[in-house]
Amino acid sequence: MTAEQQTRRAAPALMVFPFPMPGDHVRLAYRELHIAINGTEEEKQALGNHALLPRPWEPASCLDPDLRHDLWEWLEDVVIWLNREYTWDVSGLIPSCWPLHPHLVHEIAVLADQRRRAGLAMTSDALEEWHRYCLPAFNDRMRNRLRAHCDDEHKTWPAKPRHNEHLAEASRQRRENAFAHDVDALHLGRRTIEQPELPGHPRLVEVDLNTGEIRDEPLGAQPHTRTAKGPRT
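The model shown is predicted, which means the values in this text are computed figures rather than measured ones.

Draft legend 1. Spatial organisation of the side chain of Asp-113. Considering the arrangement of structural elements, one finds Asp-113 in helix α5 (residues 102–120). Side-chain polar atoms of Asp-113 contact the side chain of Tyr-30, separated by 2.7 Å. Residues contacting Asp-113, with those up to four places away along its chain left out, are Tyr-30, Trp-57 and Trp-74.

Laid out in structure tokens, this is it:
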């Protein structure tokens, strides 16, 4: 037996590692969300405004510093777990600079939440859906957005100059002018609909129901009679 084989037997490694569990503050956030859906009326009211409850899959909603710290720690553990358990080729690795990519932060938070929920299900259906759709779709979007920019080290945002141009005063003013013109056109259109400008009263004419002929005389005019020599009133 070789020394390597002896080492393997002495310190066996797990074939797979469990999905990372979030910290106390993130678990509390999930518990409050569970109560908001499934709790008693008294428990729901005690939570206050449910729209303000932090949602770990939306990091921007987690405003408590301790919760925010716990969330980042959990997402880091999830990234390490994903890279080990689900990635073989280097092109599929989530880069170590992921916190510097807002698009990855948003997506990883959702990916982690979906995996957590799938792991809590009583059947494998949700986990199959996560394997079939959620994870592959995330990987495709990540590769499409990052391409090879951060293969070796983090690169600056390629779109930053264009983004700065968007924020420039001249560009902003053009958009503000377009918004103002659209609102003015909307007001004008509403006034036209509510108070249409009519050129005059409609001209009512008589239609012969037998022939479909439109008689030129307006309704209400004195009828014409005819003789052998022509019309006579």
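More follows now that the structure is in view.
Draft legend 2. Spotlight on the nonpolar core. Core analysis: the biggest nonpolar cluster contains 29 residues, and Trp-74, Leu-75, Leu-82, Ile-94, Trp-98, Ile-108 and Phe-138 have the highest contact counts within it. Counting residues per element, the ones that place at least two in this core are α2 (24–38), α4 (65–85), α5 and α6 (125–146). It is α4 that contributes the most residues to this core, 8 residues altogether. Ignoring anything within four residues of it in the chain, the contact list for Leu-75 reads Trp-98, Ile-108, Ala-109 and Ala-112.

Draft legend 3. View of the layout of surface pockets. Considered as a void within the structure, the largest pocket measures approximately 360 Å³ in volume. Lining the largest pocket are 18 residues, with Val-90, Leu-93, Pro-95, Cys-150 and Asp-151 sitting closest to its centre. The element best represented in the lining of the largest pocket is α6, accounting for 3 residues. Among the residues making up the lining of the largest pocket, the classes are represented as 8 nonpolar, 5 polar and 5 charged.

Draft legend 4. Seen up close, α2. Over its 15 residues, α2 extends 20 Å from the first C-alpha to the last, a length consistent with the 21 Å expected when each residue adds 1.5 Å. When α2 is considered as a whole, its buried residues turn out to be Val-26, Ala-29, Tyr-30, Leu-33, Ile-35 and Ala-36. Buried residues along α2 sit against α3 (41–46), α4 and α5.

Here is what the cut-offs are and how they apply
Residues numbered from 1 in each chain as written. Predicted model: local features only at pLDDT ≥ 70, side-chain atom pairs only at ≥ 80, totals over all residues. Heavy atoms only, no water. Helix = DSSP H or I, 4+ residues; strand = E, 2+ residues; numbered from the N terminus. Polar contact = N/O pair within 3.5 Å; in protein donor to acceptor, adjacent residues only side chain to side chain. Contact = heavy atoms within 4.5 Å. Core = buried A, V, L, I, M, F, W, Y, C linked by side-chain atoms within 4.5 Å. Buried < 20%, exposed > 50% of the residue type's maximum accessible area, 1.4 Å probe, protein only. 1 Å grid on protein atoms, 1.4 Å probe; cavity = no way out; pocket = protein on both sides within 12 Å on 5 of 7 lines; lining within 4 Å. Points joined across faces, edges and corners; volume = space filled by probe spheres on them. Nonpolar A, V, L, I, M, F, W, Y, C, P; charged D, E, K, R; others polar. Expected span 1.5 Å × (residues − 1).

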